[in-house]
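Below, each chain spelled out in residue letters.
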Amino acid sequence: MNSALAVAALILFVSLMLMLPLVPAFVELRRKSDASPLNVVQQHAGEIRHFANSFRTYIQVLAPTLQQCVASGTTASGILSDGVEYLALGRSDDSQTLPIQQPGATCSVTIAAGSELVVPPEITFLRDVYAGGQFRGGDSNSYRAILGEKDVHLGHSSRVSRWVHAVGEFSAEHDCKLAGRISSDSRIRLQGACNFLRLNAPQIETGHVMRGEDSTQLNSEDDANAGSGVVQRFLYDGDFEVHAGEVVTGNIVARGQLHIGADARICGSVKSVGDMVLGAGVSVQGSLISGKQMLIGPDCAVNGPIIAERALRISAGTRCGSLQHPTTVSAPHIEAEEGVTVFGTLWAREHGEVVAS
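Residues numbered from 1 in each chain as written. Predicted model: local features only at pLDDT ≥ 70, side-chain atom pairs only at ≥ 80, totals over all residues. Heavy atoms only, no water.

1. Details of the overall build of the chain
Logical step 1: Secondary structure assignment for the chain yields 5 helices and 33 strands.
Logical step 2: Here the chain holds 357 residues, and 43% of them are scored as buried.
Logical step 3: Residue pairs in contact within the chain that sit at least 24 positions apart in sequence constitute 21% of those at least 6 positions apart.
Logical step 4: When the accessible surface of the chain is split by element, carbon and sulfur atoms take 54% of a total near 18000 Å². (Helix = DSSP H or I, 4+ residues; strand = E, 2+ residues; numbered from the N terminus. Buried < 20%, exposed > 50% of the residue type's maximum accessible area, 1.4 Å probe, protein only. Contact = heavy atoms within 4.5 Å. Areas by Shrake-Rupley, 256 points an atom, 1.4 Å probe, with all protein chains shown as cover.)

2. Quick word on the pairing of strand S15 (residues 187–190)
Logical step 1: Alternating positions in S15 separate cleanly, Ile188 and Leu190 being buried on one face and Arg187 and Arg189 remaining unburied on the opposite face.
Logical step 2: Strand direction decides the pairing type here: strand S12 (residues 169–172) and S15, joined by 4 bridges, are parallel. Among the inter-strand pairings, Ala172 is bridged to a residue of S15, identified as Leu190. (Pairing = 2+ DSSP bridges.)

3. Some points on helix H3 (residues 50–59)
Logical step 1: Among all positions of H3, only His50, Ala52, Phe55 and Ile59 are buried.
Logical step 2: Elements that come into contact with the buried residues of H3 comprise helix H4 (63–72), strand S4 (110–113), strand S7 (129–131), strand S9 (142–148) and strand S11 (159–166).

4. Regarding the packing of aromatic side chains
For any pair of aromatic rings, the description rests on two quantities: the centre-to-centre distance and the angle between the ring planes.
Logical step 1: Scanning all chains against the criterion turns up 5 aromatic pairs.
Logical step 2: Ring geometry for Phe135 and Tyr143: centres 5.7 Å apart, planes at 75 degrees, overall edge-to-face.
Logical step 3: A relative accessible area of 2% places Phe135 in the buried class.
Logical step 4: Three or more aromatic residues link up through ring pairs in this structure, and these residues are Phe55, Tyr58 and Trp163.
Logical step 5: Positioned above the aromatic ring of Phe51 is the side chain of Arg162, whose terminal nitrogen or guanidinium carbon lies 5.2 Å from the ring centre.
Logical step 6: Above the ring of Trp347, the side-chain terminus of Arg198 is found at 4.7 Å from the ring centroid. (Phe/Tyr/Trp six-rings, centres within 6.5 Å; stacked < 30°, edge-to-face > 60°. Lys NZ or Arg CZ within 6 Å of the ring centre and 35° of its normal.)

5. Some words on the confidence of the model for the chain
Logical step 1: Confidence along the chain averages 88 in pLDDT terms, with 87% of residues attaining 70 or more.
Logical step 2: Segment residues 213–228: pLDDT under 50, and 22 contacts once partners within four positions in sequence are set aside and those in other chains are kept. (pLDDT = per-residue confidence, 0-100.)

6. Considering the nonpolar core
Logical step 1: With 64 residues, the main nonpolar core has Phe135, Leu154, Phe170, Leu190, Leu288 and Leu312 as its most contacted residues.
Logical step 2: Residues within four places of Leu312 in sequence aside, it is in contact with Met294, Ile296, Ile306, Val329, Ala331, His333, Ile334 and Glu335.
Logical step 3: Ala52, Phe55, Leu62 and Cys69 belong to the second largest nonpolar core, which has 14 residues in total. (Core = buried A, V, L, I, M, F, W, Y, C linked by side-chain atoms within 4.5 Å.)

7. Let's talk about the environment of Gln191
Logical step 1: Turning to its location among the elements, Gln191 is positioned in the loop between S15 and strand S16 (195–206).
Logical step 2: Along the sequence, Gln191 and His208 sit 17 residues apart, while their C-alpha atoms lie 7.8 Å from each other.
Logical step 3: Not counting residues within four places of it along the chain, the set of residues in contact with Gln191 comprises Ala172, Glu173, His174, Gly207 and Val354.

Right, dumping it as structure tokens:
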């Protein structure tokens, strides 16, 4: 009898232990206290300028100090509220009294310049840098983050680990590695062999861009067709080709590969499950979406978003979006030849590079 009770007690104990992890689920099933959405404060985390705006607020406490340094042409140092050491600079020439001057040195303090800031080459900056005027970095420098109230220029073979924002123009010479977010309120210019991830500006240029007529604007006939209110949709089960010089009014969806011949005009959007290839001089009024790889030929014009699920190569002379209608170009791997212009966002989710034509 005792052995039977012991077995029953053991079974009961084991059953309770197995049921114990399920108690919160049964309670929630009855009360439904977690049915409402989570209260997540994102603080504009998706905004590319979020970190720059936060740093501007953070550095605002140094505004009186910077004004005094600029007025007297001197420097000042101290400790911020979070224990970080800072150096405030007031001079406007290239002989700023930085704590580093020798190549290969490391700067471990936050730099705040009230006016123009020129830094020597081969320096590693472990803290953020603020420039109230123009910022010009030497060759082979390494930066954590930079906020420039005017233009920001990086010398060749420089590196950025987090972000840069320029109120003016941002430019980087060849072989720079831009691992973080790069943004400008004016323009971004990247020279050859620059690596990038996420870029945003009213206008982004790779290498030397030829100035010319904005071919992204539709002609009067295309405007009339696009504004008719009736958009045709062409669906093809396999591979499909738009012949050279052909004009298509409507959206194209191909479940295979898609090839658009040279100088064709698409008054609509284009999507392919397989690879997509655009010949030279193609104009697309809408978006381009490829389930695999996409190759955009030279001198093309695409008004809408461009998305490739695997890889994207954009040839020289191509323009994506316009100043009036910025767009987004995105793919895990992007190769943009020298001479490409993007209005809006250029986002390589894993790796992007400016390559030779």
